[in-house]
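The residues making up each chain are set out below.
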Amino acid sequence: AQSVTQLDSQVPVFEEAPVELRCNYSSSVSVYLFWYVQYPNQGLQLLLKYLSGSTLVKGINGFEAEFNKSQTSFHLRKPSVHISDTAEYFCAVSQFAGGTSYGKLTFGQGTILTVHP
Amino acid sequence: DAGVTQSPTHLIKTRGQQVTLRCSPKSGHDTVSWYQQALGQGPQFIFQYYEEEERQRGNFPDRFSGHQFPNYSSELNVNALLLGDSALYLCASSLKSQVRAFSAYEQYFGPGTRLTVT
């Protein structure tokens with residue numbers, strides 16, 4: 001079984017300040033890691049993903065995340081946020097699986113990022 | 001390039017009724033997964049369809065069933081609706097035929113169907 005914990009339910013920040021949204025996961029096998037963003041009344045948009053290779057991954061809208069296997073973390077960062085970054089952010093994991101089933105995403109509870117002017 | 005589409009956008013049903021939600025995957029994708037997102041929660045995996053068969057299922061009762069058509073589109077059916085079924089239902093598509101390629105693990109989500117059970 002796998003689980004995801006997003007350590008902050010809400011993160012308020014001022015415009016142009018840096019931000020970090022924290023995510024820890026638990027899994028008995030190797031996982032792939034994702035961050036999604038959800039704007040009000042919309043579906044989920046993929047921000048970035050870690051599948052293999054460099055542990056520092058860059059995504060859209062200036063976001064980046066670092067995979068830390070020893071700490072089982074995948075924290076999301078942005079050096080300078082904008083008002084338009086206000087949204088809910090979800091961390092998700094997917095266990096590697098073979099055969100005919102794969103790709104089930106397990107999500108965290110979400111972190112609401114509010115950027116104030 | 002058409003993304004994932006879902007219909008209807010909103011739906012209001014009464015307890016005990018049945019509902020069908022529809023999803024068309026992103027162009028070129030062959031796998032559809034369904035998720036339920038209750039208010040204030042992260043999405044929960046319901047099931048996944050590939051080659052017109054249910055391949056994986058989350059912890060949802062048999063009242064939740066689905067179907068995948070030859071054109072890869074999918075339906076989610078919920079019988080005997082309960083108040084607790086009120087949620088945003090999200091469809092996600094991916095490309096499984098390259099199962100060893102990393103792209104197989106990238107899921108693209110539709111805008112969702114907001115179901116309200118009264």
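Provided above is the structure to which this section pertains.
The structure contained in this document is the topic of the report that follows. (Residues numbered from 1 in each chain as written. Chains lettered and ligands numbered in written order. Predicted model: local features only at pLDDT ≥ 70, side-chain atom pairs only at ≥ 80, totals over all residues. Heavy atoms only, no water.)

Points about the sheet that holds strand S8 (residues 74-78) of chain B
All names here are of chain B. Applied cut-off: For two strands to be treated as a pair, DSSP must find no fewer than two bridges joining them. Each helix is a run of DSSP H or I of at least 4 residues and each strand a run of E of at least 2, with the numbering of both proceeding from the N terminus. Working convention: axes come from line fits to C-alpha atoms, limited for helices to the stretch in contact. Angles between N-to-C directions cover 0 to 180 degrees.
Taken in spatial order, the 4 strands of this open sheet run S1-S3-S8-S7, and their pairing is antiparallel. Each of the sheet's edge strands pairs with one partner strand only, and the pair in question is strand S1 (5-7) and strand S7 (64-68). For this sheet, the mean angle separating the axes of adjacent strands, direction not counted, is 20°. Sheet topology note: the strand S3 (residues 19-24)/S8 ladder contains 5 bridges and is antiparallel. Within the sheet, the bridge partner assigned to Cys 23 lies in S8 and is Ser 74.

Some points on the interface of chain A and chain B
Stated precisely, the cut-off is as follows: Working rule for contacts: check all heavy atoms of both residues, and any pair within 4.5 Å makes them a contact. Two parts placed together each lose some accessible area under a 1.4 Å probe, and the buried area is that loss summed for both. Salt-bridge detection follows one rule: a side-chain nitrogen of Lys or Arg within 4 Å of a carboxyl oxygen of Asp or Glu. For this analysis, a polar contact is any N or O atom pair within 3.5 Å, provided that within protein one partner can donate a hydrogen and the other can accept it, and provided that sequence-adjacent residues contribute only side-chain to side-chain pairs. In this classification, the charged set is Asp, Glu, Lys and Arg, the nonpolar set is Ala, Val, Leu, Ile, Met, Phe, Trp, Tyr, Cys and Pro, and all remaining amino acids, among them Gly, are polar.
Residue-level contacts link 25 residues of chain A with 26 residues of chain B. Summed over both sides, the interface between chain A and chain B buries roughly 2300 Å², with carbon and sulfur atoms accounting for 55% of that surface. Counting the contacts that link chain A with chain B gives 1 salt bridge. Across the pair Glu 106 of chain B and Lys 49 of chain A runs a salt bridge whose closest N-O atoms are separated by 3.5 Å. Inspection of the region where chain A meets chain B yields 4 residue pairs in polar contact (both at pLDDT 80 or more). Of all the secondary structure elements, the ones that give two or more residues to the side of chain A that touches chain B are strand S5 (31-38), strand S6 (44-50), strand S10 (87-95) and strand S11 (105-107) of chain A. Here the side of chain A that touches chain B gets 4 residues from one element, more than from any other, and that element is S5 of chain A. For the side of chain A that touches chain B, the per-class residue count stands at 11 nonpolar, 12 polar and 2 charged.

Quick word on the state of the cysteines
What makes a disulfide is a covalent bond joining the sulfur atoms belonging to two cysteines. Residues and elements named next belong to chain B. Convention followed: Disulfides are defined in this document as cysteine sulfur pairs within 2.5 Å. Using a 1.4 Å probe on the protein chains alone, a residue whose accessible area is under 20% of its type maximum counts as buried, one over 50% counts as exposed, and one in between counts as partly exposed.
The final tally for this structure, using the stated rule, is 2 disulfides over all chains. Residue pairing for Cys 23: its cysteine sulfur links by disulfide to Cys 91, the two sulfurs lying 1.8 Å apart. Torsion about the S-S bond of the Cys 23 and Cys 91 cystine: about -55°, corresponding to left-handed handedness. Of this pair, Cys 23 sits in strand S3 while Cys 91 sits in strand S9 (residues 87-94); the two residues are 68 residues apart in sequence, bridging distant segments of the chain. No difference in accessibility class separates Cys 23 from Cys 91, as the two residues are buried.

Observations regarding the environment of Leu 88 of chain B
In this structure, Leu 88 of chain B sits in strand S9. Judged by relative accessible area, which is 8%, Leu 88 of chain B ranks as buried. A C-alpha to C-alpha distance of 12 Å links Leu 88 of chain B and Phe 45 of chain B, two positions 43 residues apart in sequence. In contact with Leu 88 of chain B, other than residues within four places in its own chain, are Gln 38 and Gln 42 of chain A together with Tyr 35, Gln 36, Gln 37, Pro 111, Gly 112, Thr 113 and Arg 114 of chain B.

Details of the nonpolar core
As a reminder, the rule being used: Take the buried residues of types Ala, Val, Leu, Ile, Met, Phe, Trp, Tyr and Cys, join any two whose side-chain atoms come within 4.5 Å, and each joined set is a nonpolar core.
The biggest cluster of nonpolar side chains holds 28 residues, and the ones touching the most others in it are Leu 33, Trp 35, Leu 47, Leu 48, Phe 74, Leu 76 and Tyr 89 of chain A. Look past the residues within four positions of Phe 74 of chain A in its chain and what remains in contact with it is Cys 23, Leu 33, Phe 34, Trp 35, Leu 48, Lys 49, Tyr 50, Val 57, Ala 65, Glu 66 and Phe 67 of chain A. Grouped together as the second largest cluster of nonpolar side chains are 20 residues, Trp 34, Phe 47, Leu 81 and Leu 115 of chain B included.

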